[in-house]
Amino acid sequence: MEHTAQRSRMSDNELRKAIGTLQQRADDAHKRGADDDAARIERTIADYRDEMSQRL
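Thresholds applied
Residues numbered from 1 in each chain as written. Predicted model: local features only at pLDDT ≥ 70, side-chain atom pairs only at ≥ 80, totals over all residues. Heavy atoms only, no water. Helix = DSSP H or I, 4+ residues; strand = E, 2+ residues; numbered from the N terminus. Buried < 20%, exposed > 50% of the residue type's maximum accessible area, 1.4 Å probe, protein only. Contact = heavy atoms within 4.5 Å. Areas by Shrake-Rupley, 256 points an atom, 1.4 Å probe, with all protein chains shown as cover. Expected span 1.5 Å × (residues − 1). Arc of directions from axis to C-beta. Polar contact = N/O pair within 3.5 Å; in protein donor to acceptor, adjacent residues only side chain to side chain. Patch = residues over 30% accessible without salt bridge, like charges linked within 9 Å, V, L, I, M, F, W, Y side chains within 5 Å. Salt bridge = Lys/Arg side-chain N within 4 Å of Asp/Glu carboxyl O. Lys, Arg positive; Asp, Glu negative; His and termini not counted. Charge placed at Lys NZ, Arg CZ, Asp CG, Glu CD. Axes fitted to C-alpha atoms, helices over the stretch in contact; angles between N-to-C directions. Parallel < 35°, antiparallel > 145°, perpendicular 65-115°, else oblique. Left-handed = near helix turned anticlockwise from the far one by under 90°.

A.B. asks: If you had to explain the overall build of the chain to someone new, which residues and values would you point to?
C.D. replies: The helix and strand tally for the chain stands at two helices and zero strands. For the chain, the proportion of its 56 residues judged to be buried stands at 23%. Sequence separation of at least 24 residues holds for 60% of the intrachain contacts in the chain that already meet a minimum separation of 6. Accessible area of the chain: about 4,800 Å², with a carbon and sulfur share of 46%.

A.B. asks: Tell me what's going on with helix α1 (residues 12–32), and back it up with residues and numbers.
C.D. replies: The terminal C-alpha atoms of α1, which comprises 21 residues, lie 30 Å apart, in line with the 30 Å expected from a rise of 1.5 Å per residue. Taken as a whole, α1 has its buried residues at Leu-15, Ala-18, Ile-19, Leu-22, Ala-26 and Ala-29. Taken down its axis, α1 places every buried residue within 100° of arc, on the same side. Turned more than 90 degrees off the buried face of α1, the exposed positions are Asn-13, Lys-17, Gln-24 and Lys-31.

A.B. asks: How would you sum up the environment of Ser-53? Please name residues and give values.
C.D. replies: Within the fold, Ser-53 resides in helix α2 (residues 35–55). For Ser-53, a relative accessible area of 45% corresponds to the partly exposed category. A distance of 2.7 Å separates a polar side-chain atom of Ser-53 from the backbone oxygen of Asp-50.

A.B. asks: Hey, could you go over a negative patch on the surface for me, with residue numbers and the actual values?
C.D. replies: Residues Asp-27, Asp-28, Asp-35, Asp-36 and Glu-42 make up a contiguous surface patch of negative charge. Residue assignment for the negative patch shows that the elements contributing at least two residues are α1 and α2. In this fold, Asp-27 is placed in helix α1. Here Asp-27 falls in the partly exposed class, since its relative accessible area comes to 37%.

A.B. asks: So what's going on with the packing of α1 against α2? Residues and values would help.
C.D. replies: Where α1 contacts α2, the two axes come as close as 9 Å, and the packing angle between them is 160°. Classified by the angle their axes make, α1 and α2 are roughly antiparallel. Taken as a pair, α1 and α2 cross one another with a handedness that is left-handed. On the side of α1, the interface is formed by Asp-12, Leu-15, Arg-16, Ala-18, Ile-19, Leu-22, Gln-23, Arg-25, Ala-26, Ala-29, His-30 and Arg-32, while α2 contributes Asp-35, Asp-37, Ala-38, Ile-41, Glu-42, Thr-44, Ile-45, Tyr-48, Arg-49, Glu-51, Met-52 and Arg-55.

Function cannot be inferred from these measures alone, as they are strictly geometric.
Shown next, in the form of structure tokens:
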């Protein structure tokens, strides 16, 4: 049986807030030297930005 996770769609404001929060976390990860963590966070940010651009 295949399980598909269903993700609820964030509002535009929620998406903007998430991007801002994640960017702060990525910046903090870079400062701590946790570059792998920062890269993962930045991939999520890129996905969210792609979603925002598709909404325009």
